[in-house]
Amino acid sequence: VDESWTPQMHLTQEERDVVEAKGTVLLLGRSGTGKTICIINKMEHDRQTKSKNKPDFSQLFVARSRKLCSYVQDAVGNNEVSSFTTFDSLVNRIEASLSGSTNQNFRQSRHVDFSRFKNEFYIPVYPREDISALIVWKAIRTFLKGSIDAFKETGAVLSRGNFIALGKNRCKVPLNLRDPLYDIFLQYQQWIN
């Protein structure tokens with residue numbers, strides 16, 4: 001434990017272990033579990049302990065939400081080593097920096113947000129909406145294509161069996177909807193390709 005660093009607020013021992021861990025930390029948890037507090041304190045801890053010894057030290061905080069990005073930036077404070085951006089902004093900057101030939105490989109027409117998913121795919125294919133479009137979208141983004149479990153699997157897609165086997169505390173999609181939801185996901189995969 002580094003006694004020269006004092007967090008701005010009281011941290012549990014588990015939170016302090018995360019904050020003071022060496023190297024990259026993957027932090028998973030539900031809403032309200034303290035992930036943001038740990039990130040804020042980890043950034044401050046690393047800035048105070050590492051930026052003195054490494055002149056090229058820098059930090060980048062990326063979030064989907066502009067509001068969360070602003071919250072963390074306000075909590076960490078403005079300094080010369082920390083940058084804050086949204087995921088969409090980061091992707092746009094990366095795309096803009098790519099050479100013309102690489103950038104042509106990504107067609108903007110392939111980008112799908114919730115509105116496009118619902119209006120161009122879900123409602124035309126499933127007009128009765130037996131399962132809410134939002135539930136399907138969230139399951140795809142959170143579990144089927146957006147989880148660390150999916151990333152570990154072939155093709156970076158969570159298998160049907162592993163989706164169905166997710167515990168009820170981890171995945172709030174009712175068990176009886178998971179199999180038909182996976183069928184919708186497979187149709188969606190064909191639609192985007």
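First, a word on what this report is: a plain description of the structure on this page. Throughout, a residue's number is its position along its own chain's written sequence, starting from 1. Given that this is a predicted model, residues contribute local features only at a pLDDT of at least 70 and side-chain atom pairs are listed and counted only at 80 or more, while totals for whole chains, interfaces and linings are drawn from all residues. Think of the side-chain values as coming from all heavy atoms in the structure, minus any hydrogens and water.

Quick word on the environment of K67
- The secondary structure listing takes helices from DSSP runs of H or I that are at least 4 residues long and strands from runs of E that are at least 2 residues long, numbered from the N terminus. Relative to the helices and strands, K67 resides in helix α3 (residues 66-76).
- Sequence separation of K67 and T86 is 19 residues, and the distance between their C-alpha atoms is 9.3 Å.

Notes on the packing of helix α7 (residues 133-144) against helix α10 (residues 175-192)
- Where α7 contacts α10, the two axes come as close as 10 Å, and the packing angle between them is 80°. Between α7 and α10, the interaxial angle falls into the category roughly perpendicular. Taking contact as the criterion, the partners of I135, V136, W137, A139, I140 and L144 in α7 are, on α10, L181, Y182, I184, F185 and Y188.
- Grouping the amino acids of the contact of α7 with α10 by side-chain chemistry returns 11 nonpolar, no polar and no charged. To get an axis, fit a line to the C-alpha atoms, keeping to the stretch in contact for a helix; angles then go from 0 to 180 degrees between the N-to-C directions. Orientation is classified from the angle alone, with under 35 degrees giving roughly parallel, over 145 giving roughly antiparallel, 65 to 115 giving roughly perpendicular, and any other angle giving oblique. Pairs of residues are marked as contacts when any of their non-hydrogen atoms sit within 4.5 Å. Put simply, Ala, Val, Leu, Ile, Met, Phe, Trp, Tyr, Cys and Pro go in the nonpolar bin, Asp, Glu, Lys and Arg in the charged bin, and everything else, Gly too, in the polar bin.

Observations concerning the nonpolar core
- Nonpolar cores were defined as sets of buried Ala, Val, Leu, Ile, Met, Phe, Trp, Tyr and Cys residues, with membership established by side-chain atoms within 4.5 Å. Exposure is judged per residue with a 1.4 Å probe applied to protein chains only, and the accessible area is read against the type maximum: over 50% gives exposed, under 20% gives buried, and values in between give partly exposed. Ranked by size, the top nonpolar core spans 25 residues in total, and within it F117, Y122, V136, L144, F163, L181 and Y188 carry the most contacts.
- Top element by residues in this core is α7. It accounts for 7 residues.
- Once you skip the residues sitting within four places of it in the chain, F117 turns out to touch V112, Y122, A133, V136, W137, I140 and Y188.
- Counting 8 residues, the second-largest nonpolar core is a separate cluster that includes I40, F61, A63 and C69.

As for the packing of aromatic side chains
- Each aromatic pair joins two rings of Phe, Tyr and Trp (for Trp, the six-membered one) with centres within 6.5 Å, and gets the label stacked for planes under 30 degrees apart, edge-to-face for over 60, and tilted for any other angle. Under the counting rule described, the total for this entry stands at 13 aromatic pairs.
- With centroids separated by 5.6 Å and ring planes inclined at 40°, the aromatic side chains of F117 and F121 adopt a geometry described as tilted. Taken as a pair, F117 and F121 lie in helix α6 (residues 114-125) at a separation of 4 residues, close to a single helical turn.
- Under the relative-accessibility criterion, F121 is labelled buried at 1%.
- Aromatic side chains F121 and W191 sit 5.5 Å apart centroid to centroid with 45° between the ring planes, which places their arrangement in the tilted category. In this pair, F121 sits in helix α6 while W191 sits in helix α10, placing the two residues 70 residues apart along the sequence.
- One aromatic cluster in this structure is built from F114, F117, F121, Y122, Y126, W137, Y188 and W191.
- The ring of F163 has R178 sitting right over it, with the charged end atom 5.9 Å from the ring centre. Two conditions define a charge located above a ring, namely a distance within 6 Å from the ring centre to NZ of Lys or CZ of Arg, and an angle within 35 degrees of the ring normal.

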